[in-house]
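Coordinate inspection notes
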Amino acid sequence: MKYVMLDFDGVLTTGEHCSWWLRSMDSGPRPRESDWFDPVCVERVQRLCQTAGAVVVLSTSWKSGVEPGVDAGNNEWPAIPGKLAELTALLQEQGLIAPVVGSTPMLPTHLRGNEILLWLSRNNVARSDIVILDDYPAELFPGLEDRLVCTAPGYDGFTEAHLATALELLSD
């Protein structure tokens, strides 16, 4: 099995699409929450999953509440029932039909690389079976830099060039 570790902001969003969304808030009917995601970027993630035979794991900070966690003050928070289904539905509204099988844990440090490494360990998944789609820089993914497709700089979201790189990583 192959896995796409998916961030939302900066991957499924583009500067142009966000500008449209914000303008829509001021005029006409309020856009759906899922409209925050650029459907072109979502379609590329869908093609990645379909071509590579991959499923999605949410690594985005939007996942807060999918499973129990602890904040920086060591305060525990419970999982929010239905949170994973809610996020999955938002993606489906924009065209993602690949299965969303879970999320990485939320750690007090909010270092995504550590959250992904913990998820890999808990699920007995090899590093070579994942690709990370994120706009955060490689320094935040120690030990996983070679699995990262970084969509920054810029605010272009998940482009065709990123898709090609991700497919190459998952074909190893």
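What you see is a predicted model, and the numbers here were worked out from it, not measured in a lab. (Residues numbered from 1 in each chain as written. Predicted model: local features only at pLDDT ≥ 70, side-chain atom pairs only at ≥ 80, totals over all residues. Heavy atoms only, no water.)

**Notes on the overall build of the chain**
Formally: Segments assigned H or I by DSSP are reported as helices when at least four residues long, segments assigned E as strands when at least two residues long, and all are numbered from the N terminus. Relative accessibility under 20% of the residue-type maximum defines a buried residue, over 50% an exposed one, and the middle range a partly exposed one, all with a 1.4 Å probe and only protein chains included. In what follows, residue pairs with any heavy atoms lying within 4.5 Å of each other are defined as contacts. For the area figures, the Shrake-Rupley method with a 1.4 Å probe applies, and any residue is considered shielded solely by the protein chains shown.
The helix and strand tally for the chain stands at five helices and seven strands. Taking all 172 residues of the chain together, the buried fraction comes to 47%. Long-range contacts, defined as pairs at least 24 residues apart, comprise 66% of the intrachain contacts of the chain with a sequence gap of at least 6. In the form shown here, the chain has an accessible surface area of approximately 8,200 Å², with 55% of it arising from carbon and sulfur atoms.

**Digging into unusual backbone geometry**
Positive phi outside glycine occurs at Asn-124, with the angle close to 55°. Tracing the chain through its elements places Asn-124 in the loop between helix H4 (112-123) and strand E6 (130-134).

**Here we look at the pairing of strand E2 (residues 54-58)**
Applied cut-off: Strand pairing follows a simple DSSP-based rule, namely that at least 2 bridges must link the two strands.
With five of five residues buried, E2 lies mostly within the body of the structure. Where burial is concerned, the two faces of E2 agree: the one with Ala-54, Val-56 and Leu-58 and the one with Val-55 and Val-57 are both buried. Note that strand E1 (residues 2-6) and E2 share five bridges and pair parallel. Residue pairing in the sheet places Val-4 in a bridge with Val-56 of E2. As defined by bridge partners, E2 adjoins strand E5 (residues 100-103) across three bridges and the pair is classed as parallel. Note that in E5 the partner of Leu-58 across the bridge is Ser-103.

**What about H4?**
Note the cut-off: Expected span of a helix: the number of residues minus one, times 1.5 Å. The arc in question is traced by the directions running from the helix axis to the C-beta atoms.
With 12 residues, H4 should cover 16 Å at 1.5 Å per step; its first-to-last C-alpha distance of 16 Å lies within 8% of that length. Listing the buried residues of H4 in full gives Arg-112, Gly-113, Glu-115, Ile-116, Trp-119 and Leu-120. For H4, the buried positions fall inside an angular range of 160° around the axis, keeping them on one side. What points out from H4, more than 90 degrees from its buried face, is the exposed set Ser-121 and Arg-122. Positioned one or two residues after H4, Asn-124 has a phi angle of 55°, which is positive.

**Brief notes about the nonpolar core**
Selection criterion: In plain words, nonpolar cores are sets of buried Ala, Val, Leu, Ile, Met, Phe, Trp, Tyr and Cys residues tied together by side-chain atoms within 4.5 Å.
With 29 residues, the main nonpolar core has Leu-6, Leu-12, Leu-48, Leu-91, Val-131, Leu-133 and Phe-158 as its most contacted residues. If you list the elements that add at least two residues to this core, you get E1, helix H2 (39-52), E2, helix H3 (83-93), E6 and helix H5 (160-170). Among the elements that take part in this core, H2 stands out by supplying five residues, more than any other. Those residues in contact with Leu-91, other than ones at most four positions away along the chain, are Leu-6, Phe-8, Leu-12, Phe-37, Val-42, Leu-58, Leu-96 and Val-100.

**Some points on the packing of aromatic side chains**
Between two aromatic rings, the relevant description is the distance of the centres plus the angle of the planes. Put simply, the rule is: Aromatic pairing here means that ring centres of Phe, Tyr or Trp (its six-membered ring) are within 6.5 Å. Orientation follows from the plane angle: under 30 degrees is stacked, over 60 is edge-to-face, and everything else is tilted.
Taken as a whole and assessed by the stated rule, the structure comprises two aromatic pairs. Relative to Trp-119, the ring of Tyr-3 has its centre 5.2 Å away and its plane inclined at 70°; by these criteria the two rings are edge-to-face. Here the residue Tyr-3 occupies a position in strand E1, and Trp-119 occupies one in helix H4, the gap between them amounting to 116 residues. We note that Tyr-3, like Trp-119, is buried.

**Observations concerning H3**
Where H3 is concerned, the buried positions are Lys-83, Leu-87, Thr-88, Leu-90 and Leu-91. All buried residues of H3 project into a common sector of 155° when viewed along the axis, lining one side. On its buried side, H3 packs onto E1, H2, E2 and E5. Taken from the residues just after H3, Gly-95 is the one with a positive phi, measuring 110°.

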